[in-house]
Amino acid sequence: MNSRSFLLSAAIAGVIIGLLANLPILNIINCFLCLWVWVGGAAAVFIYGKFQPGGPGLKGGQGAGLGALAGLIGAFVGIFVNAATSFISVPMFNELARWFQVEGDLPFRSGGFPALFASTFFFFILDAIFYTLFGALSGWIAASLGGNRQSG
């Protein structure tokens, strides 16, 4: 296994996860069982295969590690995307909460920097856990389906 290709594949897929899972409107799709994370974990395995033409494919455990790292990178990228787009997403989620008649204090309802910091930190913790988990699962599945093949 080539560690440079491994890290580069995880970084590319992690940026994809972080962007798609945290950009306004696209992030709603991620509510369906972390769909963008599943796609990103599998994409990391696919990208690794493109960096290693003719080489052996990843084993299931290696694919899981690659997907988990991509998910963790995606959670870190998501912090910055979330903070940069909060001026769009906070009003959108407030309106969505009103539309669904959600009562009580939600992290994104109150304004100001402390609320933004608290909600960003809260969602980062959740993202770090779930993105790593689902990234590992999708990387494992993608690597297992690809097998330990020799291309060419």
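Everything here concerns the structure above.
Residues numbered from 1 in each chain as written. Predicted model: local features only at pLDDT ≥ 70, side-chain atom pairs only at ≥ 80, totals over all residues. Heavy atoms only, no water.

(A) Fine view of the overall build of the chain. Counting its secondary structure elements, the chain contains 5 helices and 0 strands. Listing every helix and strand of the chain by position from the N terminus yields α-α-α-α-α. In the chain, 80% of the contacts between residues at least 6 apart in sequence involve partners at least 24 apart. Only carbon and sulfur atoms are counted for the fraction: they give 74% of the accessible area of the chain, which is about 8,600 Å². (Helix = DSSP H or I, 4+ residues; strand = E, 2+ residues; numbered from the N terminus. Contact = heavy atoms within 4.5 Å. Areas by Shrake-Rupley, 256 points an atom, 1.4 Å probe, with all protein chains shown as cover.)

(B) Region of the structure containing the environment of Leu126. Assignment of secondary structure puts Leu126 in helix α5 (residues 113–146). For the pair Leu126 and Ala75, spaced 51 residues apart in sequence, the C-alpha separation works out to 8.8 Å.

(C) Geometry of the side chain of Thr85. Tracing the backbone through its elements, the reader meets Thr85 in helix α4 (residues 60–99). Look past the residues within four positions of Thr85 in its chain and what remains in contact with it is Asn22, Leu23 and Pro24.

(D) Highlighting the packing of helix α1 (residues 3–20) against helix α3 (residues 35–51). Close contact between α1 and α3 brings their axes to 8 Å; oriented N to C, the two are set at 150 degrees. Looking at the two axes, α1 sits roughly antiparallel to α3. The two elements α1 and α3 meet at a crossing, and its hand is right-handed. Counting all contacts with α1, which are made through Ser5, Phe6, Leu8, Ser9, Ile12, Ala13, Ile17 and Leu20, the residues of α3 involved are Trp36, Val37, Gly40, Gly41, Ala44, Ile47, Tyr48 and Phe51. (Axes fitted to C-alpha atoms, helices over the stretch in contact; angles between N-to-C directions. Parallel < 35°, antiparallel > 145°, perpendicular 65-115°, else oblique. Left-handed = near helix turned anticlockwise from the far one by under 90°.)

(E) Main features of α1. Counted at 1.5 Å a residue, the expected span for α1 with its 18 residues is 26 Å, and the 26 Å between its end C-alpha atoms agrees. At the N-terminal boundary of α1, the capping side chain belongs to Asn2, with an oxygen 2.9 Å from the backbone nitrogen of Arg4. (Expected span 1.5 Å × (residues − 1). Polar contact = N/O pair within 3.5 Å; in protein donor to acceptor, adjacent residues only side chain to side chain.)

(F) Layout of the packing of α3 against α5. Packing of α3 against α5 brings their axes to within 7 Å, and their N-to-C directions diverge by 45 degrees. By the angle between their directions, the pair α3 and α5 is classed as oblique. The crossing of α3 and α5 is right-handed. Counted together, Val37, Trp38, Gly41, Ala42 and Val45 of α3 and Tyr131, Phe134, Gly135, Leu137, Ser138, Gly139, Ile141, Ala142 and Ala143 of α5 form the full contact between these two elements. In the contact of α3 with α5, the residues fall into 10 nonpolar, 4 polar and no charged. (Nonpolar A, V, L, I, M, F, W, Y, C, P; charged D, E, K, R; others polar.)

The values reported here are purely geometric and, on their own, carry no functional implication.
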